[in-house]
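Here is how the chains run, residue by residue.
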There are 6 protein chains.
Amino acid sequence: MKPWLTSLKTNTPQEGFELAIKLSQMAVVYTQPSEEIRKKLRPKYSKNANSLISVSQVVATNFQTVAAANNYWNKNDGL
Amino acid sequence: MKPWLTSLKTNTPQEGFELAIKLSQMAVVYTQPSEEIRKKLRPKYSKNANSLISVSQVVATNFQTVAAANNYWNKNDGL
Amino acid sequence: MKPWLTSLKTNTPQEGFELAIKLSQMAVVYTQPSEEIRKKLRPKYSKNANSLISVSQVVATNFQTVAAANNYWNKNDGL
Amino acid sequence: MKPWLTSLKTNTPQEGFELAIKLSQMAVVYTQPSEEIRKKLRPKYSKNANSLISVSQVVATNFQTVAAANNYWNKNDGL
Amino acid sequence: MKPWLTSLKTNTPQEGFELAIKLSQMAVVYTQPSEEIRKKLRPKYSKNANSLISVSQVVATNFQTVAAANNYWNKNDGL
Amino acid sequence: MKPWLTSLKTNTPQEGFELAIKLSQMAVVYTQPSEEIRKKLRPKYSKNANSLISVSQVVATNFQTVAAANNYWNKNDGL
């Protein structure tokens, strides 16, 4: 696979959150490389509340990683 | 998307918890941008105990991140 | 919402565990503000083993946060 | 509720694991206080593989907390 | 129960991963002590993709603990 | 099992993410050693959105471990 993740550093928490979304998606891409199949799945899960909650769980987990990598975007705090 | 997350810092744990809720919701917004569809899903999952428990799980995960970012709202403790 | 979470500090691990339970419940309260609906859901999920296990998962996640906030109730340990 | 959790410290990792099991159970006790109902649920979920895997997930999460509280039972390591 | 967990330290990451598997299994053993029943469950869940993914989730959680206990098998790094 | 995990260190975050995928897969391999059975399961779960989201959850959890082991690929930061 081509380079898609060269750093966990982002300028803002929001960019970090968006990186967490990307990480969540990329695990799916690695597991199901066919874009065609993934596109077929999308209309269904994106209208299913429980699937959306599960997606949010994955993003939350990846955001923990990205946030820690950025020291929570705090500069010079006591951590 | 417009700026919606400029800092993980909050004044109180309660505001931090509310930010965790917002983070949980925003992952859904990114995944299902249609407000119309999201509104249709709400009446169902908000009356389903298992869905509500899953929501609480996502919030708990995001609250870990927000709490760590705020050093658990402890000032000058030994951490 | 009225103030309900002013600190993550508790005197004992048990109080911390009970705070973790409260955090788990409050995410549900924010998501489903109607006490009437929540009360209707209770008899069902509280008799469903899988729901109870899921509740315990949420509490475990929140307890991680509360325990870390209290430095695991250790005084002057090496952490 | 009577005192049941006065410390997260244990002498050995195994005792810590057993404490993690207790924490997992106690969240259920708080949510479903009726011992009669809990006993009725047990035969079913304890013979269901997915329920048992979910229990193991809760224990794993609580064991993270207990292990951290005990500094992973390492003495004088560099952490 | 006989001693089965005297340390979280392992010589290699792979042994640590195998310990994480053992921890995941032992939570099931504590919850369902009957080896006969557990053996009956095995053929089913070990051929169910979702069950296997859930098992992998438990192992991942326990591996976090074991890896932290071993300082990620890094010697003298800056952590 | 032959050696397959000698270090959690990787050169880049992307390699770390790919290691997280490998860890997620290996827990399945340990639980279901038959390659034949695993191959049969693949077509089904890789076309099921909820299964793919669950896979992404496992990868996210393992990526937390790998990222921490690599100090988030930050050199000389304040952590």
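Let us look at the structure shown here. (Residues numbered from 1 in each chain as written. Chains lettered and ligands numbered in written order. Predicted model: local features only at pLDDT ≥ 70, side-chain atom pairs only at ≥ 80, totals over all residues. Heavy atoms only, no water.)

## Re the side chain of E:Gln14
Item 1. Relative to the helices and strands, E:Gln14 is located in helix 1 (residues 13-31).
Item 2. Assessed through its relative accessible area of 8%, E:Gln14 is described here as buried.
Item 3. Among residues more than four places away in sequence, those in contact with E:Gln14 are F:Met1, F:Lys2, F:Pro3, F:Trp4, F:Leu5 and F:Tyr30. (Helix = DSSP H or I, 4+ residues; strand = E, 2+ residues; numbered from the N terminus. Buried < 20%, exposed > 50% of the residue type's maximum accessible area, 1.4 Å probe, protein only. Contact = heavy atoms within 4.5 Å.)

## What about the interface of chain F and chain A?
By a widely used convention, the size of an interface equals the accessible area lost when the partners come together.
Item 1. Between chain F and chain A, the contact holds 29 residues from the first and 33 residues from the second.
Item 2. For the pair chain F and chain A, the summed buried surface comes to about 2500 Å²; carbon and sulfur atoms form 64% of the total.
Item 3. On the chain F side of the interface with chain A, the three residues burying the most area are F:Gln14, F:Phe17 and F:Ile53, jointly 22% of the side's total.
Item 4. Counting across the chain F and chain A interface gives zero salt bridges.
Item 5. The tally of links from chain F across to chain A stands at 13 residue pairs in polar contact (both at pLDDT 80 or more).
Item 6. Elements represented by at least two residues in the side of chain F that touches chain A include exactly helix 1 (13-31), helix 2 (35-45) and helix 3 (49-69) of chain F.
Item 7. Among the residues making up the side of chain F that touches chain A, the classes are represented as 15 nonpolar, 10 polar and four charged. (Buried area = accessible area lost by both parts, 1.4 Å probe. Salt bridge = Lys/Arg side-chain N within 4 Å of Asp/Glu carboxyl O. Polar contact = N/O pair within 3.5 Å; in protein donor to acceptor, adjacent residues only side chain to side chain. Nonpolar A, V, L, I, M, F, W, Y, C, P; charged D, E, K, R; others polar.)

## Here's the deal with the relation of the copies chain F and chain A
Item 1. For the pair chain F and chain A, the superposition axis carries a translation of 0.0 Å, the fit reaches an RMSD of 0.0 Å, and the rotation angle comes to 60°. Overall, the copies show the geometry of a six-fold rotation axis. If distances are taken from each C-alpha of chain F to the rotation axis, the shortest is found for F:Thr61, at 6.8 Å. (Least-squares fit on C-alpha atoms with pLDDT ≥ 70 in both.)

## Quick look at the interface of chain E and chain F
Item 1. Contacts between the two partners involve 29 residues from chain E, matched on the other side by 33 residues from chain F.
Item 2. Between chain E and chain F, roughly 2500 Å² of surface is buried when both sides are summed, and carbon and sulfur atoms account for 65% of that area.
Item 3. At the junction of chain E with chain F, the criterion picks out zero salt bridges.
Item 4. Where chain E packs against chain F, one counts 13 residue pairs in polar contact (both at pLDDT 80 or more).
Item 5. Mapped by element, the contributors of at least two residues to the side of chain E that touches chain F are helix 1, helix 2 (35-45) and helix 3 (49-69) of chain E.
Item 6. Among the elements that line the side of chain E that touches chain F, the one with the most residues is helix 3 of chain E, at 13 residues.
Item 7. Class assignment for the residues of the side of chain E that touches chain F results in 15 nonpolar, 10 polar and four charged.

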